[in-house]
Amino acid sequence: MSTNNENRKTYYESIINQGYSRRDFMKFSTYMAAFMGLESSMVGQIAQSLENTPRLPVIWEHYQECTCCSESFIRSNHPIVADIILDRISLDYSLTLMAASGHQAEAAKAETMKKYHGEYILCVEGSIPLGDDGNYCCIAGKSAKETFLEAAAGAKAIIAWGSCASNGCVQAAKPNPTEATPIHKIVKNKPIIRVPGCPPIGEVMAGVIMHVVAFGRLPKLDRLGRPKAFYGKRVHDTCYRRPYYDAGLFAETFDDDNSKKGYCLYKLGCKGPMTYNACASMKWNNGVSFPIQSGHGCIGCSEEEFWDNGPFYERTTKVPGFAVESNADTVGKVTAGVLAGGLALHAIAANISKRKELMDRINRGKSNEKNIDS
Amino acid sequence: METKNFKRVMVWELPVRFFHWVNVLSIIILTLTGFLIANPPALQSSAEATNLHSFGIVRFIHFSAAYIFFFNMILRIYWSFVGNKYASWKAFWPFSKKMWNNFWHVLKIDIMLLNEDHPDVKKISIGHNSVASLSYLVLFLMALIQVFTGFALYTDTSGWWLPKLFGWVSPLLGGDFMVRTIHHITMWIFIFFSLVHIYLVFYHDWLEGRGEVSSMFGGYKFVREDRIKKDNTDENKN
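A quick note: this is a predicted structure, and the numbers were derived from the prediction, not measured.

With that settled, consider the overall build of chain A. Along its length, chain A carries 16 helices and nine strands. Against the compact-globule benchmark of 21 Å for 374 residues, chain A has a radius of gyration of 29 Å, which places it well outside the compact range. A burial count over chain A gives 43% of its 374 residues as buried.

Below, the structure is given as structure tokens:
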């Protein structure tokens, strides 16, 4: 936790002061370049910019959330991420990780907001409840909405960490009692990077921050405001089990032989085919594994309203407005059956109602048949 | 016994018939492969994934049929500007008085199965009747939904610019989950449409005896002689 705002060291200085060697620093720069999907020639640029840029003031707000994003972040691949970027240097305010508390902490935040107006990065973890005047989430006597708008006003850019801040996540699932709202629906006039996931991958979070630090601008975003480098591909398209999918080899239950062989989990409700994230390529916990590799389907945690998009373990299409058990195919089959029955009844009714017309025509046809000349 | 005389009239020109049957085929293939993709059957095979590509082939067929469906639709749109009046876009325009008069007539006679005391032969449609053309208009919208949602799901795995044009659909609808749901439900509407459509074609053939079924093969329908101008038989009169 930074306590001395006056002395803005560069990232490099801070890293070296922490006892890391230049070699560690270069490794870190290379890691970061790789995470961001940059070519190796960019490593130098990252290193140079870390050597020369004074650290970016960061305010990290926590609203309706479970802190899994922070947990993920401090477990990212390289220790420098946790040590330097988050823990020691960059963070001016973070409920979870700062040493100060109470009025002291709020004062530090106010100071940063005033001093670096228009310069600091606002990181938001958690959604903001709008119901009942925002009373469902209050920090230091203020509602989340109030705090957020205050902090957003002077921010250079806002990073929405995790599905809560990006999409609303579980607290925004129907019926959303607190009216939990993702931040892009509250503030429109600031650049917002959405980094969805429950939580997002630590390396992705580090990569996003490092991009802003190293290049002084936001990473390239897709139409939903997610960094293209990490959310440009579906989990499915980068999944190592994809060959089984293309081969048509699927696990039918979690304990069958196919599952043991590592076949595709598509039929067990894996949401990989609809989920944009980097899990399959970056993996989790220092690249150890990711859900599908551990034998569990993707639940689509980085997608909007993933809690409301049908059961996790079934590949069904939920029909809006119907009971949970009914999927599109059940409704379709019943409707098609009713329709076919209705058509059969209509056919019978038609023959009864139009019998005179029909008989006349049949008789005329028969009389012509009798009178065929040649 | 006196019988009516009919003249053979070219109602459905060749491109319309071509469109119809290509459309039928591609919809059948798309629906079958679509069901397979939504819920693939258990494959009893001990082959290595390297040597199998069955699901990939199913998907390939689905995507190929989708392209055929799409370009076929464009052909039909083109023909609605240069084809005869039964193929014209005007036949599907739902905002004319004539259209709605015919609509109530068809509803009364063919849906509610009422009988008229003095049937007027001129009220029988030669091309599409209004209820039918409205249903095709709805189906056209459904086809557009399928094209937009289908290409939206396909776009990220394609390098071609055409599917890429639909990249904005998924973000607009809030992600692939919703797009897939819409794609799947709309497919069922195609199935419902086909049921009713095929039934009504048989119904009209059976009750009117003007070659409704065969018209989509040869293009001809049979129109009462008194509805056709004596001196100029080339031109069809309503």
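There is more to say after this.
Before going further, it helps to spend a moment on the overall build of chain B. Looking only at helices and strands, one finds eight helices and two strands in chain B. Referenced to the eigenvectors of the C-alpha coordinate spread, the extents of chain B come out at roughly 75 × 40 × 35 Å. Going through the 238 residues of chain B one by one, you find that 23% of them count as buried. Considering only intrachain contacts with a sequence separation of at least 6, the fraction spanning at least 24 residues in chain B is 69%.

What follows is about the interface of chain A and chain B. Opposite the 43 residues of chain A that make contact, chain B presents 35 residues. Elements supplying a minimum of two residues to the side of chain A that touches chain B: helix H12 (242–247), helix H15 (328–353) and helix H16 (355–370) of chain A. No other element matches H15 of chain A, which puts eleven residues into the side of chain A that touches chain B. Looking at the side of chain A that touches chain B residue by residue, the classes come out as 18 nonpolar, ten polar and 15 charged.

Attention now goes to the nonpolar core. Core analysis: the largest hydrophobic core is formed by 84 residues, its most contacted members being Val124, Ile159 and Ala160 of chain A. For this core, the element with the most residues is helix H9 (residues 202–215) of chain A, which contributes eight residues. Residue-level mapping places this core at the junction of two domains, with at least three residues from each of domain 1 (11–231) and domain 2 (233–315) of chain A. When sequence neighbours within four positions are dropped, the list of residues in contact with Val124 of chain A reads Glu61, Tyr63, Phe148, Ile158, Ile159, Ala160, Trp161, Ala165 and Ile183 of chain A. Counting residues in each nonpolar core, the second largest holds ten residues, with Val9, Tyr86, Ala87 and Val223 of chain B among its members.

Low pLDDT means the predicted coordinates in that region are not meant to be read closely. All names here are of chain A. Per-residue pLDDT for chain A has a mean of 84; in total, 91% of the residues score no lower than 70. Ranking the elements of chain A by mean pLDDT puts helix H5 (residues 79–90) last, at 60, and strand E9 (residues 192–195) first, at 93. Every residue in residues 1–6 is under pLDDT 50, and counting partners more than four places away or in other chains gives eleven contacts.

Here the focus is the domain arrangement of chain A. Assigned domains within chain A: domain 1 (11–231), domain 2 (233–315) and domain 3 (329–370). For domain 1 of chain A and domain 3 of chain A, the distance between their C-alpha centroids amounts to 68 Å.

For the rest of this paragraph, the subject is the pairing of strand E7 (residues 157–161) of chain A. Residue and element names in this part refer to chain A. Of all five residues making up E7, four are buried, and the element is well covered by its neighbours. When E7 meets E9, the two strands line up parallel, connected through four bridges. Bridging across to E9, Trp161 finds its partner in Val195.

Our next topic: the packing of helix H2 (residues 22–35) of chain A against helix H3 (residues 42–52) of chain A. All names here are of chain A. It is the contact of H2 with H3, at a shortest axis distance of 9 Å, that shows an interaxial angle of 120 degrees. As judged from the angle between their axes, H2 and H3 are oblique. The handedness of the crossing between H2 and H3 is right-handed. Contact residues: H2 offers Met26, Ser29, Thr30, Met32 and Ala33, while H3 offers Met42, Val43, Ile46, Ala47 and Leu50. Per-class residue counts for the contact of H2 with H3 are eight nonpolar, two polar and no charged.

It is worth spelling out the confidence of the model for chain B at this point. Residues and elements named next belong to chain B. Looking at chain B, pLDDT values average 86 and 96% of them are 70 or higher. By mean pLDDT, helix H3 (residues 97–111) is the weakest element of chain B at 82, and helix H1 (residues 14–38) is the strongest at 94. Listed scores for the predicted complex are pTM 0.83 and ipTM 0.79.

On to H1 of chain B, then. Residue and element names in this part refer to chain B. For H1, built from 25 residues, the straight-helix expectation of 36 Å at 1.5 Å per residue is met to within 8% by its first-to-last C-alpha distance of 35 Å. Those residues of H1 lying buried are Val16, Phe19, Ser26, Ile27, Leu30, Thr33 and Gly34. Packed against the buried residues of H1 are helix H2 (54–82) and helix H7 (176–208).

Residues and elements named next belong to chain A. Structurally, the position occupied by Lys156 is in the loop between helix H7 (144–153) and E7. The spacing of Lys156 and Glu119 is 37 residues in sequence and 5.0 Å in space, taken between C-alpha atoms. Setting aside chain neighbours within four positions, we find Lys156 in contact with Gly118, Glu119, Tyr120 and Ile121.

In this section: the environment of Glu48 of chain B. Residue and element names in this part refer to chain B. Tracing the chain through its elements places Glu48 in the loop between H1 and H2. A residue is classified by how many C-beta atoms lie within 10 Å of it, and Glu48, with 11 of them, is exposed. It is 30 Å that separates the C-alpha atoms of Glu48 and Arg180, two residues lying 132 residues apart in sequence.

Owing to its 3.6 residues per turn, the α-helix brings residues three or four apart onto one side. Residue and element names in this part refer to chain A. Along its 14 residues, H2 runs 20 Å from first to last C-alpha, staying within 8% of the 20 Å computed at 1.5 Å per residue. The set of residues buried in H2 consists of Phe28, Ser29, Tyr31, Met32, Ala33 and Phe35. Positioned one or two residues after H2, Gly37 has a phi angle of 75 degrees, which is positive.

The rules we used
Residues numbered from 1 in each chain as written. Chains lettered and ligands numbered in written order. Predicted model: local features only at pLDDT ≥ 70, side-chain atom pairs only at ≥ 80, totals over all residues. Helix = DSSP H or I, 4+ residues; strand = E, 2+ residues; numbered from the N terminus. Rg over C-alpha atoms; globule rule 2.2 N^0.38 Å. Buried ≥ 20, exposed ≤ 12 C-beta atoms within 10 Å, placed from the backbone. Contact = placed C-beta atoms within 7 Å. Nonpolar A, V, L, I, M, F, W, Y, C, P; charged D, E, K, R; others polar. Core = buried A, V, L, I, M, F, W, Y, C linked by C-beta atoms within 7 Å. Domains from an automatic or database assignment. pLDDT = per-residue confidence, 0-100. Pairing = 2+ DSSP bridges. Axes fitted to C-alpha atoms, helices over the stretch in contact; angles between N-to-C directions. Parallel < 35°, antiparallel > 145°, perpendicular 65-115°, else oblique. Left-handed = near helix turned anticlockwise from the far one by under 90°. Expected span 1.5 Å × (residues − 1).

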